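Letter by letter, the chains look like this.
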Amino acid sequence: MKVSLNNIKKYYDEKLVLDIELLEIEKGKITGIIGPNGSGKSTLLHIIAGLDEEYLGEVFYDQEVTSKKPYDKMTLVSQKPYLFRRKVYDNIEYPLKVRNINKADMRKRVNKVISRLELEELREKKAHLLSGGESQKVSLARALVFEPELLLLDEPTSNIDPESIKILEREILRFNRETEATVIIVTHNLEQSDRICDNVIYLEKGRVNY
Ligand SMILES: Nc1ncnc2c1ncn2[C@@H]1O[C@H](COP(=O)(O)OP(=O)(O)O)[C@@H](O)[C@H]1O
Ligand SMILES: [Mg+2]
């Protein structure tokens, strides 16, 4: 999915926190968003994800007008993931369950993601008892399982140990290459963006710096 932003302005109270004339996110690529704390990265992702509709300007998905956001084709993994008080397996299965996918297929897809992200040891654990890093891994698994056309990741490896970072980066890349989904990833880690991003956008005080 291609995403284009046109004359986006976002205010909190009187303060302009996002001011983007034109931004095009290339279809099928991994785009990194880098910028200091408070530069508007999370705000931008929420707007693209359709979770924040209080802004001026337009967001286009595959050139279409925004009146109907393609909620079913995109997902955001937020900085502080919310997991249900159920088993890890059930949390990962959930996006497929609400889409009425048949049971055998569902099991296959959940097991594939668990195996690829190396989450076998967590599968029977209660999700609300996981550490921050473990929750991040599970919420990435839950996003990957339904194969969105647009995957939005807000600092997905901020709480994660180096060994697990390797696994997540490998799987984000593999997901992008296999499905040709568009991925947007907010990261503080310049080495990470070098490793996995095709394009990088710098945000500063709500503006894009090329
Ligand atoms: N709900 C809110 N109410 C008021 N101000 C907010 C709110 N959320 C974010 N902000 C402000 O908007 C700016 C951008 O925030 P954010 O997008 O979270 O930055 P980043 O993700 O780059 O750290 C910051 O100055 C932040 O304080
Ligand atoms: Mg943020």
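Residues numbered from 1 in each chain as written. Chains lettered and ligands numbered in written order. Predicted model: local features only at pLDDT ≥ 70, side-chain atom pairs only at ≥ 80, totals over all residues.

A. Focus on the site of ligand 1. With respect to spatial proximity, the complete set of residues near ligand 1 consists of Tyr12, Val17, Gly35, Asn37, Gly38, Ser39, Gly40, Lys41, Ser42 and Thr43. Top element by residues in the shell around ligand 1 is helix H1 (residues 41-48). It accounts for 3 residues. Here the residues of the shell around ligand 1 are counted per class, giving 2 nonpolar, 7 polar and 1 charged. (Near = placed C-beta within 6 Å. Helix = DSSP H or I, 4+ residues; strand = E, 2+ residues; numbered from the N terminus. Nonpolar A, V, L, I, M, F, W, Y, C, P; charged D, E, K, R; others polar.)

B. Looking closely at the packing of helix H2 (residues 88-97) against helix H3 (residues 103-116). The N-to-C vectors of H2 and H3 enclose an angle of 130°; their axes lie 10 Å apart at closest approach. Relative to H3, H2 is oriented oblique. Along this stretch, H2 crosses H3, giving a crossing that reads as right-handed. Each of Tyr89, Ile92, Glu93, Leu96 and Lys97 in H2 lies in contact with H3, whose residues at this interface are Met106, Arg109, Val110, Val113 and Ile114. Taken together, the residues of the contact of H2 with H3 break down into 7 nonpolar, no polar and 3 charged. (Axes fitted to C-alpha atoms, helices over the stretch in contact; angles between N-to-C directions. Parallel < 35°, antiparallel > 145°, perpendicular 65-115°, else oblique. Left-handed = near helix turned anticlockwise from the far one by under 90°. Contact = placed C-beta atoms within 7 Å.)

C. Just unusual backbone geometry, in detail. Backbone geometry at Asp13 places phi at a positive 55°, although glycine is not the residue there. Relative to the assigned elements, Asp13 resides in the loop between strand E1 (3-12) and strand E2 (15-25). Asp13 gets classed as exposed once you count the C-beta atoms within 10 Å, which come to 5. Residues other than glycine seldom take positive phi values, yet Glu180 does so here, at roughly 60°. Residue placement: Glu180 occurs in the loop between helix H5 (162-179) and strand E7 (182-186). For Glu180, a count of 12 C-beta atoms within 10 Å translates into the label exposed. (Buried ≥ 20, exposed ≤ 12 C-beta atoms within 10 Å, placed from the backbone.)

D. Structural context of the sheet that holds strand E9 (residues 207-209). In spatial order, the strands read E5-E6-E7-E3-E8-E9; together these 6 strands make up an open sheet with mixed pairing. A strand with exactly one partner marks an edge of an open sheet, and here the two such strands are strand E5 (74-77) and E9. With direction set aside, neighbouring strand axes in the sheet form an average angle of 20°. Direction of pairing for strand E8 (residues 199-204) relative to E9: antiparallel, over a ladder of 3 bridges. Following the sheet pairing, Glu204 is matched in E9 by Arg207. Strands strand E3 (30-34), E5, strand E6 (150-154), E7 and E8 of the sheet are contacted by H1, whose axis makes an angle of about 155° with E7. (Pairing = 2+ DSSP bridges.)

E. Summary view of the pairing of E7. Here E7 lies mainly inside the structure; 5 of its 5 residues are buried. Every second residue of E7 is oriented toward a common face, with Thr182, Ile184 and Val186 on one face and Val183 and Ile185 on the other, all of them buried. For E3 and E7, the ladder comprises 4 bridges, and the chain directions are parallel. Across the sheet, residue Ile33 finds its bridge partner in E7, namely Val186. Taken together, E6, H5 and E7 constitute a β-α-β crossover, and its handedness is right-handed. (Right-handed = clockwise from strand over helix to strand, strands pointing away.)

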